[in-house]
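# Inside the fold
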Amino acid sequence: TCSCMKPLEKQLADNGISNGIRFSYASTRQPIGAHAAALRELLENLPENDTFSFVGHSMGNIVVRHTIGDLLADGDPKKILARCQSMVMLGPPNQGAMIAERLAPTKVFGWVTGKGGMELGALWQELEPKLAVPPFPFHIIAGDFKSPVRNPLVDGDGDFIVSIDEAKLEGAASYQTVPIRHSFLMDNQDVRDKTTELLTQSAPTP
């Protein structure tokens, strides 16, 4: 939930990046496009001179990329993209998620994750054309958790949910890995420090 980002929000505020908004979306109840539309509505209703930076975890990064794609397709009438400063992606399934594809045949997976989860796997080919590469600096922090027990549903090294290769996206300003599992990336102090440093570098000078 959005409460997972609260410690990071506080750290950012303590380092001069205030007015954080923890965007909440019901990932299991709507397709990713619906979440993207809600995020766009939020951004378009903020003061017209506001600038933005994003931090996303997992599917949240795909929601942002979908929002960017929608703005590019529609001509961005509120000039949102010109005000986007940077983005840090934590554990992003930028190439889809093999675990979602392999679990898709089970009815339980679709019931638990909803269409959003299916879009990261079995429906990825339909979703991917709607996603845009951010036209502003973005950074990727991926998990590379070493364990004697590997997740057989994930190919290669990764964070137990998203593989290192699945997290990559051409055009990233930086890409780095940390020895953290997927669900705990935003809880890790080192990750929060890296995120704060990256966003602070991109923040506009007062």
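Now for a quick tour of the structure. (Residues numbered from 1 in each chain as written. Predicted model: local features only at pLDDT ≥ 70, side-chain atom pairs only at ≥ 80, totals over all residues. Heavy atoms only, no water.)

Ranked by size, the top nonpolar core spans 33 residues in total, and within it Ile-32, Phe-54, Cys-84, Met-87, Leu-120, Leu-127 and Phe-136 carry the most contacts. Those elements that provide at least two residues to this core are α2 (32–44), β1 (52–57), α3 (59–74), β2 (84–90), α4 (98–103), α6 (124–127) and β3 (138–143). Here this core takes six residues from α3, the largest share from any one element. (Core = buried A, V, L, I, M, F, W, Y, C linked by side-chain atoms within 4.5 Å. Buried < 20%, exposed > 50% of the residue type's maximum accessible area, 1.4 Å probe, protein only. Helix = DSSP H or I, 4+ residues; strand = E, 2+ residues; numbered from the N terminus.)

In this section: the environment of Gly-143. By the secondary structure assignment, Gly-143 is in strand β3. Note on Gly-143: relative accessible area 2%, which makes it buried. Once residues lying within four places of it in the same chain are set aside, the contact partners of Gly-143 are Gly-158, Asp-159, Ile-164, Val-178, Ile-180 and Leu-185. (Contact = heavy atoms within 4.5 Å.)

Within this structure, the stated rule accounts for two aromatic pairs. Ring geometry for Phe-23 against Tyr-25: centres 6.0 Å apart, planes inclined by 25°, an arrangement best described as stacked. For Tyr-25, a relative accessible area of 25% corresponds to the partly exposed category. Of note, Lys-168 hangs over the ring of Tyr-175, and the distance from its end group to the ring centre comes to 5.8 Å. Over the ring of Phe-145 we find Arg-181, and its NZ or CZ is 5.6 Å from the ring centre. (Phe/Tyr/Trp six-rings, centres within 6.5 Å; stacked < 30°, edge-to-face > 60°. Lys NZ or Arg CZ within 6 Å of the ring centre and 35° of its normal.)

One non-glycine residue, Asn-19, adopts positive backbone phi at about 60°. Tracing the sequence through the fold places Asn-19 in the loop between α1 (6–14) and α2. Of note in this structure, Asp-76 is not a glycine but carries a positive phi near 50°. Relative to the elements of secondary structure, Asp-76 occurs in the loop between α3 and β2.

We now examine the packing of α1 against helix α8 (residues 189–202). Where α1 contacts α8, the axes come no closer than 10 Å and their chain directions differ by 45°. Classed by the angle they form, the pair α1 and α8 counts as oblique. The crossing of α1 and α8 is right-handed. Within the contact between the two elements, α1 uses Pro-7, Leu-8, Gln-11 and Leu-12 and α8 uses Gln-189, Arg-192, Asp-193, Thr-195, Thr-196 and Leu-199. When its residues are assigned to classes, the contact of α1 with α8 shows four nonpolar, four polar and two charged. (Axes fitted to C-alpha atoms, helices over the stretch in contact; angles between N-to-C directions. Parallel < 35°, antiparallel > 145°, perpendicular 65-115°, else oblique. Left-handed = near helix turned anticlockwise from the far one by under 90°. Nonpolar A, V, L, I, M, F, W, Y, C, P; charged D, E, K, R; others polar.)

Taking 1.5 Å as the rise per residue, α2 with 13 residues should run 18 Å; its terminal C-alpha atoms sit 18 Å apart, in good agreement. Three or more residues of α2 are buried, namely Ile-32, His-35, Ala-36, Leu-39, Arg-40 and Leu-43. In an axial view of α2, the angular spread of the buried residues amounts to 140°, which keeps them on one side of the axis. (Expected span 1.5 Å × (residues − 1). Arc of directions from axis to C-beta.)

What follows covers the pairing of β3. Of all six residues in β3, six are buried; the element is thus mostly enclosed. Neither face of β3 is left uncovered, since the one carrying Phe-138, Ile-140 and Ala-142 and the one carrying His-139, Ile-141 and Gly-143 both have all their residues buried. For β2 and β3, the ladder comprises four bridges, and the chain directions are parallel. Residue pairing across strands places Met-87 opposite Phe-138, the latter belonging to β3. (Pairing = 2+ DSSP bridges.)

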